[in-house]
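# Architecture at a glance
Now for the letters of each chain:
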Amino acid sequence: MKTNVNLWWILSGFFFLCFALYTGWNIIEHSDRQWFHAIEWVGSVALLFTVFMAAMIGFYVDRVHRAQGGELPEDSLTADIDDGDPEMGEFSPWSWWPLVLAFSAALGILGLAVGTFLLPIGLGVFVVAIVGWVFEYYRGYFAR
């Protein structure tokens, strides 16, 4: 977890460096104008907000790390694979329903971009995909 904290703070510093270089480069490139007219504000503000977002995530992960009360096995260099929590959740590596769900999202986005007649089709595929994914353990070969 401490590595994640460090990575987010390094990423925040990197984005701040990019913000400073981008803004400075615009001021130098357009030196014939006043400095506040030379800055390309959309890119500068977007990079500055990216600094703030990375810093927020770094701060949050740091607070979680301090509140957990000890090191996780993932943070110890001498830990074995068996030291971690064996239960990571249940997933179906053979399932095709996530692919159908992604197809329904693609149809919905395509409906927004091309024509609204695709939106109900995408919604119908979404309903079929979500019902199929939820109930895949109740029917067929993998029924419980």
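Structure shown above.
Computed from a predicted structure; not experimentally measured.

Looking only at helices and strands, one finds five helices and zero strands in the chain. Ordered by position in the sequence, the α and β elements of the chain form the string α-α-α-α-α. Over its C-alpha trace the chain gives a radius of gyration of 24 Å, far above what one expects of a compact globule, namely 15 Å for 144 residues. With respect to the three principal axes, the spread of C-alpha positions in the chain is 70 × 55 × 20 Å. Residues counted as buried form 23% of the 144 residues belonging to the chain. In the chain, once contacts between residues fewer than 6 apart in sequence are set aside, the share between residues at least 24 apart is 64%. Of the roughly 11,200 Å² that the chain leaves accessible, carbon and sulfur atoms contribute 71%. Side-chain charges of the chain comprise 6 positive and 14 negative groups, with the mean position of each set lying 8 Å from the other.

Moving on, we get to the packing of aromatic side chains. One pass over the structure, following the stated rule, counts six aromatic pairs. Residues Phe16 and Phe19 carry aromatic rings whose centres are separated by 5.8 Å and whose planes lie at 45° to one another, so their mutual orientation is tilted. With Phe16 and Phe19 both in helix α1 (residues 2-29) and three residues apart, this pair spans about one turn of that helix. Residue classification places Phe19 among the buried positions, given a relative accessible area of 18%.

So, on to a nonpolar patch on the surface. Together, Ile27, Trp35, Phe36, Trp41, Val45, Phe49, Phe52, Met53 and Met56 make up an exposed nonpolar region whose accessible area comes to about 930 Å². Of all elements in the fold, only α2 (35-38) and α3 (41-67) reach the threshold of two or more residues within the nonpolar patch. If you tally residues by element for the nonpolar patch, the top one is α3, at six residues. Topologically, Val45 is positioned in helix α3.

Rules used throughout
- Residues numbered from 1 in each chain as written.
- Predicted model: local features only at pLDDT ≥ 70, side-chain atom pairs only at ≥ 80, totals over all residues.
- Heavy atoms only, no water.
- Helix = DSSP H or I, 4+ residues; strand = E, 2+ residues; numbered from the N terminus.
- Rg over C-alpha atoms; globule rule 2.2 N^0.38 Å.
- Buried < 20%, exposed > 50% of the residue type's maximum accessible area, 1.4 Å probe, protein only.
- Contact = heavy atoms within 4.5 Å.
- Areas by Shrake-Rupley, 256 points an atom, 1.4 Å probe, with all protein chains shown as cover.
- Lys, Arg positive; Asp, Glu negative; His and termini not counted.
- Charge placed at Lys NZ, Arg CZ, Asp CG, Glu CD.
- Phe/Tyr/Trp six-rings, centres within 6.5 Å; stacked < 30°, edge-to-face > 60°.
- Patch = residues over 30% accessible without salt bridge, like charges linked within 9 Å, V, L, I, M, F, W, Y side chains within 5 Å.
- Salt bridge = Lys/Arg side-chain N within 4 Å of Asp/Glu carboxyl O.

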